[in-house]
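Chain by chain, the residues:
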Amino acid sequence: MNEKTMDKLIREFPGNITEAIKIAGEARLREPQSEIRNVVVCGMGGSGIGGKIVSQWVYNDLEVPFTLVNDYVLPAFVNENTLLIASSYSGNTEETLSAVEDGLSKGAHIVAVCSGGKLQAMAEEKSFDVIVVPGGNPPRASLAFSLVQLVSILEKLELVTIRYSAQLEKSVELLLANESKIKEEAIEIADFLFEKMPIIYSTSLFEGVAIRTRQQLNENAKTLCWHHVIPEMNHNELVGWSGGDKRFASLFLINSDIYERNAFRLSVSKKVMEEKGAGTMVVYSKGESRVEEAIYFIHLVDWVSFYLSEKNKVDPIAIPVIDYLKGELE
Ligand code: F6R
């Protein structure tokens, strides 16, 4: 692992997108032997979340089902008509390696994304495609690489019609144009969340972003956090606010084209929480596409997690608990 600090890694996010697009442009993929009738992405933590985010970008475009697997075993439907994308930054995550073994035994068409490790070795031995991204950083700081490779695999295999890579390129401009504003907003949000239990709400198609926020607050700021989505939270979780609880801070991460009825649900939900004494804050995204809006939020919440780590006086890089757990499992 290198000696980069988390703030430096976060600052590299826009540049990583550009570098990842270059790597994607150079990657050559094998032609699938059978028609692709479903897509499965497997991966864990900082590598798995890219699959969730991309599944939401292609929601209105990809015409075959898209399934995420954050576990050891693939679903029963996987066969030679499945495109299995395995994402593991280290290439050594046991759940992902196990899912790939399962995919091999079921004849899936496999493409791996990793920085090396056992996954790269397995790809070379079993002759499936592997896209190797630069290593040496914490997996969660390398999200740009998995996002870009995932969309580019779908583009190259002609499973999508929209050019998501072009939207990602535009996102870089958006981030660079707003860098200081994003940091100011992140400081305000970190102040709001400080000494509270963060609860993140988004709309359904931004759930990946809400999960990423939770993960970054867990791993960088070392705090518990949970998330839910509108409108589903109106049908259960909102009732949980009945008693009110001043320990919680509700952060709504809202896309600018929120569906009208959901915007109404948001304002009523916020009122319910405030009446019960909870703090609420609504943050709207920027950008002209779902991709740009998600990238804007991802960068914003990366900074929030960094500023919150400073306020919590914790090291945002070290994750001794995960290291301990992985050691125990060896
Ligand atoms: C660590 C991190 C973790 C890892 C996860 C899977 O920075 O974000 O959530 O991503 O333990 O490991 P990889 O990504 O190497 O497959």
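Bear in mind that the values here come from a model prediction, so they are computed numbers and not experimental data. (Residues numbered from 1 in each chain as written. Predicted model: local features only at pLDDT ≥ 70, side-chain atom pairs only at ≥ 80, totals over all residues. Heavy atoms only, no water.)

**Student:** I'm lost on the sheet that holds strand β4 (residues 109-114) in this one. Help?
**Tutor:** Read from one edge to the other, the open sheet built from five strands follows the order β2-β1-β3-β4-β5, with strand pairing classed as parallel. Two strands lie at the open edges of the sheet, namely β2 (66-69) and β5 (129-132), each paired on one side alone. For this sheet, the mean angle separating the axes of adjacent strands, direction not counted, is 15°. As defined by bridge partners, strand β1 (residues 38-42) adjoins β2 across four bridges and the pair is classed as parallel. Residue C42 lies in a different strand from β2, and its bridge partner there is V69. Together, β1, β3 (82-87) and β4 form the strand contacts of helix α4 (residues 94-105), whose direction differs from that of β3 by roughly 160°. (Pairing = 2+ DSSP bridges. Helix = DSSP H or I, 4+ residues; strand = E, 2+ residues; numbered from the N terminus. Axes fitted to C-alpha atoms, helices over the stretch in contact; angles between N-to-C directions. Contact = heavy atoms within 4.5 Å.)

**Student:** Can you walk me through the packing of helix α2 (residues 13-26) against helix α6 (residues 143-156) in this structure?
**Tutor:** Packed helices, taken two at a time, are described by the angle their axes make and the gap between the axes. For the pair α2 and α6, interaxial distance at closest approach is 8 Å and the crossing angle is 35°. Between α2 and α6 lies a crossing whose hand is right-handed. Two secondary-structure elements touch here, α2 through F13, N16, I17, E19, A20, I21, I23, A24 and G25 and α6 through A144, F145, V148, Q149, S152 and K156. Taken together, the residues of the contact of α2 with α6 sort by class into nine nonpolar, four polar and two charged. (Left-handed = near helix turned anticlockwise from the far one by under 90°. Nonpolar A, V, L, I, M, F, W, Y, C, P; charged D, E, K, R; others polar.)

**Student:** Would you take a moment to explain the side chain of S250 for this structure?
**Tutor:** Within the element layout of this structure, S250 appears in strand β8 (residues 248-254). According to the relative accessible area criterion, S250 is buried, its value standing at 0%. Setting aside residues no more than four positions away along its own chain, S250 makes contact with F192, I199, Y201, W241, M273, G279, T280 and M281. (Buried < 20%, exposed > 50% of the residue type's maximum accessible area, 1.4 Å probe, protein only.)

**Student:** So what exactly am I meant to see when it comes to the packing of aromatic side chains here?
**Tutor:** Given two aromatic rings, their pairing is described by the distance between the two centres and the angle made by the two planes. Scanning all chains against the criterion turns up seven aromatic pairs. Between the aromatic rings of F306 and Y307, the centroid separation amounts to 5.5 Å while the plane-to-plane angle is 65°, which identifies the pairing as edge-to-face. Classification of F306 by relative accessible area gives buried; the value is 9%. Take Y307: its relative accessible area is 14%, and that puts it in the buried class. Through successive ring pairs, a cluster of aromatic residues spans W226, W241 and F248. For K311, the ring lying beneath its charged end belongs to F194, and the centroid distance is 4.9 Å. (Phe/Tyr/Trp six-rings, centres within 6.5 Å; stacked < 30°, edge-to-face > 60°. Lys NZ or Arg CZ within 6 Å of the ring centre and 35° of its normal.)

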